[in-house]
Amino acid sequence: MATLGPDPRPHSQLASTSIQSNISGNNVPTNRGLERALEEGANSGFFNLSARKLKEFPGTASNFDLSDTVEADLSRNRLAEVPSEVCHLVALESLNLYHNCIKTIPDTIINLQSLTSLNLSRNQLCALPACLCGLPLRVLNASNNKLVCIPEAIGQLRSLMELDVSCNEITALPRHIGRLKALRELNVRRNLLCVLPEDLAELPLVKLDFSCNKVSTIPVSYRKMAQLQNLQLENNPLQSPPAQICMKGKVHIFKYLSIEACRSDKMPDSLYLPVMERLSLSRPNKKQDTDSGVGSDNGDKRLSATEPSDEDSLSLNVPMSHITEEEGLSKDDSSEHISTLTEGTHIAMINQLKEAVELLQDPNRWALLRFCYNAVFLRTHKSLESVDPQFTMRRKMEQLREELELMEQLRESIESRLKVALPEDLGSSLMDGVVLCHLANHIRPRSVASIHVPSSAVPKLSMAKCRRNVENFLDACRKMGVPEDKLCLPHHILEEKGMIKVSMTVQALVDETSTKQALFT
């Protein structure tokens, strides 16, 4: 009897004690790690709560001041919605909600008026709310969801540069997607698209991916995408261009689209046909009517047999009937007016075109040709009387050549000092100010005390950080003695709209420091 009483009690107490110790042992490290992450976020402005199996925003976050948080990473959790606490972090610039279980986005997300990067990929979203289009987003990733459409209000995202809605169930792109004038990358891979909107041709796209859809025709207007570098279209039932053309790459695709445009419009595609062939066609072998033979049988054969030679080739010839504005001429004197202009204008045009062809040997020939087209032949619907008589092709060519030389000097100045190779698009590589700040520090160490640089988690800086870098660079230039009249403005760098001014600023910085070093030595 003495041994029956004590046995159950120690056993139950031991079991309960072991269970409590196991529970507390499992929870304590997790809570401590969570609090440590929140404390670091309160101090640095970036909190990382990734891969913590969170089903809701931690309640202990109220013990920390997160109001100044700039970046938040809540990826790889089990969140069913965007936490309301996150929607009150008004200073937030980057939000990563990758790989959760989010089904809805609250309207309170409109409070995040500093948000420039939003990652909603690998969730369970069926639609994007219209309020999302009221944010100043530059990067939006909504891939691998269950989206069936994109809101029409997407056109309000005027600053959007990257849009990724791949791996969804989207059947059509919205009408207003052509209003995204800053869009550089569009990924609609693995959806249910049957038609591509023609408005995409007006966007400055560098990368376009519509592979794994149901697209059968590429609009002929896409041949005008002069900045497009990466085109992905595999796994589509394409008929125009045919599959054998698409397999050869972008150059052949654009050639095909150019020829199709010529056939449909019954006029030469003056942007993409080769220069030398068009020059030979522009020399009249016999007397021409006012339509320059475009509507005749010979004209049809000539256009159908002409093929572009390069994706960037530009034609420097247009029909004379388009140069003369027919509405401005009366029926009585139109034939006499055109007959007097035909011979002299042809000679003048051919002389100018010969000068342009001579300049084709220049390494920057395609930029020169684009300038020719924009400067002269976009005036095709104006009367000849409105053309500036002082205009000369050579003068404009020389001006463009000088600007291109300044850009090359800027590239050489940076690459020779920092020992780096800058990409072909010089403006975009300088836009975040990182390279310029490093250049200033190379010339005078510690002239820029702090530089915001991209990381593997956030490969692109927010606009606010880019502006700080640029302003720090300009302040360093002032301290090193660069005159105010030679300093560029921040928007010249941030918006890539004044690269000539940026080149002058960098050259002035180099010259100023070189002069001072020479005086000291």
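Keep in mind it's a predicted model, so treat the numbers as computed, not measured.

1. Overview of the pattern of salt bridges
Here's step 1: Inspection of every chain in the model, using the stated rule, returns 7 salt bridges.
Here's step 2: One salt bridge connects E260 with R263, and the closest N-O pair in it is separated by 3.4 Å. One end of the pair is E260 and the other is R263, both in helix α3 (residues 250-265) and 3 residues apart, which spans about a single turn.
Here's step 3: Where E415 meets R411, a salt bridge forms, and the shortest distance between an N and an O atom there is 3.8 Å. Taken as a pair, E415 and R411 lie in helix α9 (residues 393-418) at a separation of 4 residues, close to a single helical turn.
Here's step 4: A network of salt bridges, in which partner residues are shared, links D475, R478 and E484.

2. Digging into the environment of I414
Here's step 1: As for its placement among the helices and strands, I414 is situated in helix α9.
Here's step 2: The buried category is assigned to I414, whose relative accessible area is 0%.
Here's step 3: Taking the C-alpha atoms as reference, I414 lies 8.2 Å from L436; in sequence the two are 22 residues apart.
Here's step 4: Not counting residues up to four positions away in its chain, the partners in contact with I414 are K419, L422, L430, V435, L436 and L439.

3. As for the side chain of N469
Here's step 1: Along the chain, N469 turns up in helix α12 (residues 463-479).
Here's step 2: Judged by its relative accessible area of 0%, N469 is buried.
Here's step 3: Setting aside residues no more than four positions away along its own chain, N469 makes contact with D432, G433, V434, C437, I451, H452 and L461.

4. Focus on helix α11 (residues 434-443)
Here's step 1: Counting buried residues in α11 gives 8 out of 10 residues, a clear majority hidden from the surface.
Here's step 2: Those residues of α11 that sit buried are V434, V435, L436, C437, L439, A440, N441 and I443.

5. Examining the environment of Q507
Here's step 1: On the secondary structure map, Q507 appears in helix α14 (residues 499-520).
Here's step 2: Between the C-alpha atom of Q507 and that of L410, which follows or precedes it by 97 residues, the distance is 7.3 Å.
Here's step 3: Among all residues touching Q507, those that are not within four sequence positions of it are Q409 and S413.

6. Side note on the confidence of the model for the protein
Here's step 1: Averaged over every residue, the pLDDT of the protein is 76; residues scoring 70 or more account for 68%.
Here's step 2: With pLDDT under 50 throughout, residues 1-30 is counted as low confidence; its partners more than four residues away or in other chains account for 1 contact.
Here's step 3: Across residues 267-342 the pLDDT falls below 50, and counting only partners more than four positions away or on other chains, this stretch makes 130 contacts in the model.

7. Notes on unusual backbone geometry
Here's step 1: In this structure, the amide linkage connecting S240 to the following residue, P241, adopts the cis form with an omega of 0°.
Here's step 2: Following the sequence through the fold, P241 ends up in the loop between β9 (230-232) and α2 (243-246).
Here's step 3: Here the phi dihedral of N235 falls at roughly 60°; this positive angle occurs in a residue that is not glycine.
Here's step 4: Mapped onto the fold, N235 is located in the loop between β9 and α2.
Here's step 5: Looking at N235, the relative accessible area reads 56%, which means it is exposed.
Here's step 6: Unusually for a residue other than glycine, K419 sits at a positive phi of about 60°.
Here's step 7: Examined against the element boundaries, K419 turns out to sit in the loop between α9 and α10 (426-430).

Calculation rules
- Residues numbered from 1 in each chain as written.
- Predicted model: local features only at pLDDT ≥ 70, side-chain atom pairs only at ≥ 80, totals over all residues.
- Heavy atoms only, no water.
- Salt bridge = Lys/Arg side-chain N within 4 Å of Asp/Glu carboxyl O.
- Helix = DSSP H or I, 4+ residues; strand = E, 2+ residues; numbered from the N terminus.
- Buried < 20%, exposed > 50% of the residue type's maximum accessible area, 1.4 Å probe, protein only.
- Contact = heavy atoms within 4.5 Å.
- pLDDT = per-residue confidence, 0-100.

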